[in-house]
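Chains, contacts and geometry: an overview
Here is what each chain is made of, one letter per residue.
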Amino acid sequence: LHYRAMVALSMIALRSNAGAGRARSDRRQQTTMMAMKGPKEFSVPRLGTGTWAWGNKVVWGYDISMDAELGRAYEAARRLTACDQASNGAGALFDTGDSYGTGRLSGRSEVLLGEFGERHRSEDDDGEGEEALLATKLATYPWRVTRRSMVSACEASLRRLKVDKVGLAQIHWPASNYNPLQEQALWRGLGDIYDGGLARAVGVSNYGPKQLKKIHAYLAGRGVPLATCQVQLSLLSYGPMQKELVAVCADLGVTLIAYSPLALGLLTGKYGEGGAKAPTAIRSLAFRKAAPKCGPLLRELERVGEECGGLTQGQVALAWCVAKGTVPIPGAKTAAQVEQNFGALGADLTASQCAALERAAEESGARVQQNIFQTE
């Protein structure tokens, strides 16, 4: 929905629900107050896999014929995560959302993860394989204006994912920029999801440092730990907000997840100077301003990759995210792309290499469009 339309619909829905639900919500909140507790046995691997493309025709050109290869990508991610000793036994991280999938394919990403997971469990004869860490994001739709609507959304995601409890439930984007009352309902619902045992951990997405501190304090007051914060972060999206967020997350003990770490593919080198044309119209539009300026950064990525024993440009870009203390979740539609992504874990970039990359990014002037719902 268009930004203004979402605002208008949210306000209309809130006016009709706020009065009736306020007293009930406050009473329910009082019953869920408890001492602070951490997510039991919750750990995150060094790198995950984003599944925005799984079901999205408009941006990523999804077609049902891709499902078999997506299944192979799923298995590759599970295998490679298990092989990464530095991930300390964490299950493979798959980031999804209940809004992932276009038109009649809405929720398709969760459905596919549910099918792949069910098949994996049926083929795991000894039952000793590490469970995948399914991280779903619950969209801030304008009709989700009560805490119960958030809980219901999570329950629907569990059915699609074919699990009794999701690894990580996240607010997809904040409503604070346009509807503070809805924002309060989101926070309460997120806490209820955790207290109700529907998720091992909870987190947020597109929250800046100021708003992150607020929800962290609110949840802490309920005894609910905030495990993660997900934000658009890459060498082409590393401004003052992201830099402050890295520091704030470290201070609060919140894991920072970096989405779009390859800037929709720009940092792979495929679409830079003289590169291939973006496969969809929307990605072409996104690349229009940034791609012509990426040459200096792509060359620096290539140089650092050579220093690291032959890493690709994309692998260096992901290794930089890891070096900044984040967990990147690059997208992948094939097993080969998963293999490429996990190859980034073979390098530990030095401080001087990171600085050189950041300097090249800054001097290039190339930037990607930020999410319109991102808060300060």
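We now turn to the structure provided with this report.

**Topic: the packing of aromatic side chains**
Considering all chains together, one arrives at seven aromatic pairs under this definition. Seen in terms of ring centroids, Y74 and F116 are 5.7 Å apart; in terms of plane orientation they differ by 50°. Their pairing is tilted. With a gap of 42 residues between them, Y74 in helix α3 (residues 67–83) and F116 in helix α4 (residues 108–123) connect regions that are remote in the sequence. Using a relative accessible area of 1% as the deciding quantity, one classes Y74 as buried. Geometrically, the ring pair formed by Y141 and W143 is stacked, given 4.7 Å between the ring centres and 20° between the ring planes. Using a relative accessible area of 53% as the deciding quantity, one classes W143 as exposed. What links up through ring pairs into an aromatic cluster is the set W54, Y74, F94 and F116.

**Concerning the pattern of salt bridges**
Working definition: two side chains of opposite charge can pair if their charged atoms are close together. Applying the stated criterion across every chain, the model contains 15 salt bridges. A salt bridge links R108 to D67, with the nearest nitrogen and oxygen atoms 2.6 Å apart. Linking R108 in helix α4 with D67 in helix α3, this pair joins segments that are 41 residues apart in sequence. As far as burial versus exposure is concerned, R108 and D67 are alike and both buried. Across the salt bridge formed by E300 and R303, the nearest N and O atoms sit 2.5 Å from each other. Of this pair, E300 and R303 both sit in helix α10 (residues 295–307), three residues apart, roughly one helical turn.

Cut-offs and rules
- Residues numbered from 1 in each chain as written.
- Predicted model: local features only at pLDDT ≥ 70, side-chain atom pairs only at ≥ 80, totals over all residues.
- Heavy atoms only, no water.
- Phe/Tyr/Trp six-rings, centres within 6.5 Å; stacked < 30°, edge-to-face > 60°.
- Helix = DSSP H or I, 4+ residues; strand = E, 2+ residues; numbered from the N terminus.
- Buried < 20%, exposed > 50% of the residue type's maximum accessible area, 1.4 Å probe, protein only.
- Salt bridge = Lys/Arg side-chain N within 4 Å of Asp/Glu carboxyl O.

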